[in-house]
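What the coordinates show
The primary structure of each chain is shown beneath.
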Amino acid sequence: MTLTFDEVLKRPKRDGSDKAIAELKSILGDRASTKPADLFSYSHDYWLITFHWLLKGKVPALPDAVVFPESEEDVVAAVRVAHEHGVPIYPYGGGSGVLGAAVPEYGGIVIDLKCLRDLRLYDDDLMVEAGAGVNGYYIEEYLNRKGYTLGHFPQSLYPSTVGGWVATKAIGQFSTKYGGIEDMVLGLRAAIPPGKLIELKPHPRTATGPDLRKFFVGSEGIFGIVTKVWLKVRPYPEERYLLSFASESLEDALDSVRRILRRGARPAVVRIYDRVETKRHFYKFEEMYGKIGTVMIVEGDSRLAKAEKETVEEEFRGTPTGEEPVRHWLETRFNVKEISEFAPVGVVIDTIEVAVNWNGAMNLYENVIRAMKSVKGTLMASAHASHFYDQGVCFYFTFAGVPPKGRSAEEFYNEVWDAAMRATLESGGTISHHHGIGRHRKRWLPEELGDAYEVLRKIKLAIDEKDVMNPGNMVV
Amino acid sequence: MPGKWDWLKDEIGLSNLLTGGRMLFKVIQGKLSVDDLTKCALCPNMCRHACPVSIVEGRETTSPAGKARVALMIREGRLKLDPDNLEPLYTCLGCDLCTLYCPFEFSVADFIRPVKEEAVSKGVVFEEFREVFENLETSGDVYGKADSGADGSGIVLYFRGCTVRNERPELAEKTVEFLRKLGYDVFTVKETCCGLPAYNLGNTELFKKTARKAADKLNATGAELIVTSCPSCAYTFRVLYPKYGIKLKPQVLHITELIGEVITGLKLSSEGTVTYHNPCKLAIHLGEKELLRSLLESVEGLEIREPRRELFCCGHGGSALSRLKPELAEEIAAERREQLKDGATRVVTACPSCELALNGDGLEVVDIVEFLLEMMKK
Ligand SMILES: Cc1cc2nc3c(=O)[nH]c(=O)nc-3n(C[C@H](O)[C@H](O)[C@H](O)COP(=O)(O)OP(=O)(O)OC[C@H]3O[C@@H](n4cnc5c(N)ncnc54)[C@H](O)[C@@H]3O)c2cc1C
Ligand code: SF4
Ligand code: SF4
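Residues numbered from 1 in each chain as written. Chains lettered and ligands numbered in written order. Predicted model: local features only at pLDDT ≥ 70, side-chain atom pairs only at ≥ 80, totals over all residues. Heavy atoms only, no water.

Details of the overall build of chain B
Counted only if it meets this: Numbering of helices and strands runs from the N terminus, with a helix taken as a DSSP run of H or I at least four residues long and a strand as a DSSP run of E at least two residues long. Radius of gyration here is computed from C-alpha atoms only, and the compact-globule reference equals 2.2 Å multiplied by the residue count raised to the power 0.38. Burial status follows relative accessibility: with a 1.4 Å probe on protein chains alone, a residue under 20% of its type maximum counts as buried, one over 50% as exposed, and anything between as partly exposed. The Shrake-Rupley method, run with a 1.4 Å probe, gives the accessible areas here. Residue values count only the displayed protein chains as cover.
Broken down by element type, chain B carries 22 helices and 8 strands. Taking 21 Å as the expected radius of gyration for a compact globule of 378 residues, we find that chain B reaches 23 Å, a close match to that expectation. Viewed in the frame of its principal axes, chain B has a C-alpha envelope of about 75 × 50 × 40 Å. Residue burial in chain B is summarised as follows: out of 378 residues, 62% are buried. As presented, chain B carries roughly 14,600 Å² of accessible surface, and 47% of it is formed by carbon and sulfur atoms.

A word on the overall build of chain A
What counts, and what does not: The convention is simple: Lys and Arg are positive, Asp and Glu are negative, and His and the chain ends are not counted. For this purpose, a charge sits on NZ of Lys, CZ of Arg, CG of Asp or CD of Glu.
Tallying secondary structure elements over chain A gives 18 helices and 20 strands in all. The C-alpha radius of gyration of chain A comes to 23 Å, within 12% of the 23 Å expected for a compact globule of 476 residues. In terms of overall dimensions, chain A has a C-alpha envelope of 65 × 60 × 40 Å along the principal axes. Of the roughly 17,700 Å² of accessible surface on chain A, a fraction of 48% belongs to carbon and sulfur atoms. On chain A, the mean spot of the 60 positive side-chain charges and the mean spot of the 66 negative ones are 1 Å from each other.

Structural notes on the environment of A:Gly180
Residues and elements named next belong to chain A. Threshold: Contacts are assigned to residue pairs that have any heavy atoms within 4.5 Å of one another.
Residue placement: Gly180 occurs in the loop between helix H8 (175-178) and strand S10 (185-192). Residue class for Gly180 comes out buried when judged on its relative accessible area of 2%. With near-sequence residues (within four places) excluded, Gly180 lies in contact with Ala170 and Ile171.

Focus: the site of ligand 3
This is how the line gets drawn: Summary of the distance rule: residues count as near a molecule or strand when at least one heavy atom falls within 4 Å of that molecule or strand. Note that Gly is not counted as nonpolar here; it falls among the polar residues with everything else outside the nonpolar set of Ala, Val, Leu, Ile, Met, Phe, Trp, Tyr, Cys and Pro and the charged set of Asp, Glu, Lys and Arg.
Close contacts around ligand 3 come from B:Cys40, B:Cys43, B:Asn45, B:Met46, B:Cys47, B:Pro64, B:Ala65, B:Cys102, B:Pro103, B:Phe104, B:Phe106 and B:Val108, and that covers them all. For the shell around ligand 3, the class distribution of residues is 11 nonpolar, 1 polar and no charged.

Remarks on the domain arrangement of chain B
Residue and element names in this part refer to chain B. Basically, it comes down to this: Domain start and end points were adopted from an automatic or database domain assignment. Salt bridges are defined as contacts in which a side-chain nitrogen from Lys or Arg sits within 4 Å of a carboxyl oxygen from Asp or Glu. For this analysis, a polar contact is any N or O atom pair within 3.5 Å, provided that within protein one partner can donate a hydrogen and the other can accept it, and provided that sequence-adjacent residues contribute only side-chain to side-chain pairs.
Taken domain by domain, chain B comprises domain 1 (6-121), domain 2 (156-259) and domain 3 (263-376). Summed over the shared surface of domain 1 and domain 3, the number is 2 salt bridges. Residues Lys325 and Glu87 are paired through a salt bridge, measuring 3.6 Å at the closest nitrogen-oxygen approach. Linking domain 1 with domain 3 are 5 residue pairs in polar contact (both at pLDDT 80 or more), by the criterion used here. Of all the secondary-structure elements, those providing two or more residues to the side of domain 1 that touches domain 3 are helix H5 (52-56), helix H7 (83-90) and helix H8 (97-101). Here the side of domain 1 that touches domain 3 gets 4 residues from one element, more than from any other, and that element is H5.

Thoughts on the site of ligand 2
Residues in close proximity to ligand 2 include B:Cys51, B:Val53, B:Lys67, B:Cys92, B:Leu93, B:Gly94, B:Cys95, B:Asp96, B:Leu97, B:Cys98 and B:Val108, which together make up its full environment. A breakdown of the residues in the shell around ligand 2 according to their chemical character gives 8 nonpolar, 1 polar and 2 charged.

Focus: unusual backbone geometry
Between A:Pro193 and A:Pro194 the backbone carries a cis peptide bond, its omega angle lying at 5 degrees. Note that A:Pro194 resides in the loop between S10 and strand S11 (196-200). Even without a glycine there, the phi angle at A:Asn470 is positive, about 45 degrees. Here A:Asn470 is to be found in the segment after helix H18 (452-463). What makes A:Asn470 buried here is its relative accessible area of 1%. One non-glycine residue, B:Asp361, lies in the positive phi region at around 50 degrees.

Some words on the side chain of B:Arg308
As for its placement among the helices and strands, B:Arg308 is situated in the loop between strand S6 (303-304) and helix H19 (321-324). Under the relative-accessibility criterion, B:Arg308 is labelled buried at 13%. If we ignore the near neighbours within four places in the chain, the residues touching B:Arg308 are A:Tyr138, A:Glu141, A:Tyr142, A:Arg145, B:Glu335, B:Glu338, B:Gln339 and B:Asp342.

Some points on the nonpolar core
All names here are of chain A. Under the convention used in this document: Residues belong to a common nonpolar core when they are buried Ala, Val, Leu, Ile, Met, Phe, Trp, Tyr or Cys residues joined through side-chain atoms within 4.5 Å.
If you look at the biggest cluster of nonpolar residues, it comprises 272 residues, and the most contacted ones within it are Ile139, Phe395 and Phe397. Considering every element that reaches this core, the biggest residue donor is helix H16 (residues 409-426), with 10 residues. Setting aside residues up to four positions removed in sequence, Phe395 forms contacts with Leu254, Ile352, Glu353, Val354, Val356, Ala361, Leu364, Tyr365, His384 and Ala385. Ranked by size, the runner-up nonpolar core spans 20 residues in total, among them Ala20, Val67, Val76 and Ile225.

Details of the pairing of strand S18 (residues 348-357) of chain A
Both faces of the sheet carry side chains from a regular strand, because those side chains alternate between them. Residue and element names in this part refer to chain A. Selection rule: Only strands joined by at least two bridges in the DSSP assignment are considered to pair.
The buried fraction of S18 is high, at 9 of 10 residues. Relative to strand S20 (residues 392-401), S18 runs antiparallel, the two being bridged by 10 bridges. Note on S20: the bridge partner recorded for Val348 is Gly401.

With respect to a positive patch on the surface
The line we're drawing: Each patch is assembled from residues with relative accessible area greater than 30% and no salt bridge, linking like charges that lie within 9 Å and nonpolar side chains (Val, Leu, Ile, Met, Phe, Trp, Tyr) that lie within 5 Å.
Positive charge collects at one region of the surface, where A:Lys405, B:Arg22, B:Lys26 and B:Lys31 lie side by side. The residue B:Lys31 is located in the loop between helix H3 (22-28) and helix H4 (36-41) in this model. Note on B:Lys31: relative accessible area 61%, which makes it exposed.

Observations regarding helix H15 (residues 231-243) of chain B
All names here are of chain B. As a reminder of what qualifies: To estimate how far a helix should reach, multiply one less than its number of residues by 1.5 Å. Throughout, bend refers to the angle between the axes fitted to the seven residues that end at a position and the seven residues that start at it.
Over its 13 residues, H15 runs 17 Å from end to end, which matches the ideal 18 Å to within 8%, given 1.5 Å per residue. Maximal helix bending in H15 amounts to about 30 degrees, located at Phe237. Taken residue by residue, H15 has Pro231, Ser232, Cys233, Ala234, Tyr235, Thr236, Phe237, Leu240 and Tyr241 as its buried positions. Residue Gly245 follows H15 closely and has a positive phi angle near 70 degrees.

Here's the deal with the confidence of the model for chain B
The line we're drawing: What pLDDT expresses is the predictor's confidence in each residue, scored from 0 to 100.
On average, residues of chain B carry a pLDDT of 95, and 98% of them reach 70 or more. Among the prediction metrics, the complex's ipTM stands at 0.95, with pTM recorded as 0.96.

Topic: the sheet that holds strand S3 (residues 225-228) of chain B
Residue and element names in this part refer to chain B. Short version of the rule: Note on method: axes are straight lines fitted to C-alpha atoms, helices fitted across the in-contact stretch only, with angles between N-to-C directions ranging 0 to 180 degrees.
If you walk across this open sheet you meet the 4 strands as S2-S1-S3-S4, and the pairing is parallel. The open sheet has two edge strands with one neighbour each: strand S2 (186-187) and strand S4 (251-254). Note: S3 against S4, 4 bridges, orientation parallel. Across the sheet, residue Leu225 finds its bridge partner in S4, namely Gln251. The sheet contacts of H15 involve strand S1 (156-159), S3 and S4, and relative to S4 the element is tilted by about 155 degrees. Helix H16 (residues 255-266) rests against S3 and S4 of the sheet, and its axis sits at about 85 degrees to S4.

Digging into the sheet that holds strand S14 (residues 239-247) of chain A
One key point about sheets: their strands pair by backbone hydrogen bonds, in either a parallel or an antiparallel sense. Residues and elements named next belong to chain A. The strand order S17-S14-S16-S15-S19-S20-S18 describes an open sheet built from 7 strands, whose pairing is antiparallel. Every other strand in the sheet has two partners, leaving strand S17 (319-320) and S18 as the edge strands with one partner each. Where H16 meets the sheet, it contacts S18, strand S19 (378-388) and S20, and its direction lies at approximately 10 degrees from that of S18.

Examining the domain arrangement of chain A
All names here are of chain A. According to the domain assignment, chain A contains domain 1 (3-112), domain 2 (119-235), domain 3 (239-332) and domain 4 (338-435). Between domain 2 and domain 3, the C-alpha centre-to-centre distance is 29 Å. In this complex, domain 2 contributes 6 residues to the contact, which on the side of domain 3 involves 13 residues. Taken together, the links from domain 2 to domain 3 amount to 4 residue pairs in polar contact (both at pLDDT 80 or more). Partitioned by chemical class, the residues of the side of domain 2 that touches domain 3 number 2 nonpolar, 3 polar and 1 charged.

Quick look at the structure:
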């Protein structure tokens, strides 16, 4: 898939592409672009390996055109044109997805949804209506001003969009209380082939057959384009407690959280760092250094939050280390620098998030770390646990390494990923907790889903018989 | 206390660092650094939410990291230095709101400037900018209308600036009245532009020429203090002139900075509710984030309500966008109006360009000088 920029620009367009572009230009005017700078800008998302390619002058793929719809009608028109001419169309939110799900692999049309940005709060219903393109920070700021919070804070809050969250089944740092985006979606509208807008209304609950709303959550643009979403909101927390602990072992910390959740307390933030990551993030805090650090935020109605905080204090096995480490985390949680600093000198870094039941948690953690470290070239592998459930936990692994002699960055990258994915599957985990599948992780999906994989493929082709919706993503 | 990178040294081990991890080691020792443009090009746009262009126009190409990527491709010769590819770089307000959230504290406007300078030096210039350059060359005024005022003399010089002279002459009169009420015997001169528009548009040579001319004139007046209405002029005099070795003898203050020194003695009071629009040049480039609000807080009885967002450009900063994409500039202004309305419909600001951009559509926007002068007259 890696061609140089010039090679891809000179590549012959797909059949139907010229006609589709001409039609889109007649509908959207200068909201349809074929300028090289635009084509280049939509050649990638935040799939990390593609930045190594970019630095070498290669691009993953180039679209033939980029369109910037301003209304749902524009989106429907673009889907209709793509379907009619059999030209691929790729939804694009903030491009912060890390698995290549928005890469225009087969050329065609990229549709950037960031101009769909209407917002409306329904106070009594504790609900907000948001256009798919609304920026993450923007919606939270809007709600805060009115006394509410979405409670959804992915680390990509600043660059990502509401539609992207739904499409990738994203989750935020405060998830242990507020849940993932799937727990917030009340209803949505989506444009699907051959060019129709469907609406799944925002009811408090509905028993009207299988839940079609869920069907779009995590669909990564392969069924259609989400244009509007209705999300739950909560009153802005009245009280907030910051707690941190240093434990002797990862098992102790994990088990503490398991017991806290069993008792019904729901801290919003829970982050348990292994020894390496505790040293990395909390080196300024001596009492934590060399131990297992945990930071927690308990928040909400003041009486309920107080009770939850007391539960945490009763159950946690570890030395309390005060509020400061949590403040430090709050201040630094959006500092993303690693790729900028290390990719240009040839260091390959990435993160891999998986989930597992309590029962297999320690085993999976150890197996995945061992598997990643066993790949020649890996220099470090570490993890933290950052999303918790009554049934289990999400581990978020980080690896860094330098491809050994004779191996490309891509080969090394794929080898570490494969080792991690195999170890996850063998340890009874799921291959993705929240980043999704995309173009990179799809190779392990058939093994994860078994016979259900064919069901997914059939559903995709039933809705999108010409396979124009983000082709090549997630399913083959 | 352990060091920032000790965890990595412990984890990787010295022998591994010396073989596979040599590059990594050099980076953490600070012996190998990556240039800013490349770093920004590899960032997932962690300041996108702060960038008014990104919030309103929403395109990747004009997002902060998107601009860096385009600039990098131009620098590396993979995208041509032509108007189509330059347009995204000029779709920028120079507001540096990105800097506030950048983990590296980068200024996107700053590191794409070399590409703009190269374009200007090679004659790749938008028609809309050519007109500005010609105006500055021929009349010393952005609007092309040479100042017809006379040269006064004294200690405190009030510098009106192109926008006030051309678009808000009443504000100039009121500012003189206001300053006199404060006890300053101010004077004005036949002005020429501070040069900032040329700088913003990448014509650094013309900026230096215009700046030298303005500095010579201002130095010759013998004034000890220059007070400006426009925070951009104050920024140019105080920050850019020294950066380019242009000597300006008088001290320079934006009018809010002068008011800050005297306001408590004025014992002003008023009724009603206002919000405020903090100009980027004052808040970010002159570093006075709290000043405008604190001036309003000194007025007894006034209820001050924060806008939804503290800092957001009015859409008309940076000289380029309002000329190249006036509809987008207006859309950004409209977005800002909505944010301000979450505070109040009466808005106080401290920049003539912001005032002109934001007034209307249900908002009454006034300059801090007019606002206070009205009170003083009561
Ligand atoms: C620094 C960083 C931190 C991150 N932290 C988190 C985190 O804490 N939690 C988390 O869950 N993820 C995280 N991510 C991953 C990523 O930000 C999320 O997946 C996010 O939801 C993607 O949103 P986006 O708007 O950027 O979507 P994009 O990257 O533009 O698109 C992602 C996928 O969704 C599709 N898509 C986008 N919009 C629509 C739409 N309206 N309709 C249909 N399909 C659409 C695209 O085609 C693509 O398949 C992080 C990424 C980065 C770079
Ligand atoms: S200077 Fe302002 S407009 Fe330009 S990239 Fe930064 S935030 Fe955006
Ligand atoms: S200015 Fe900083 S935060 Fe913004 S895109 Fe560039 S590196 Fe990222």
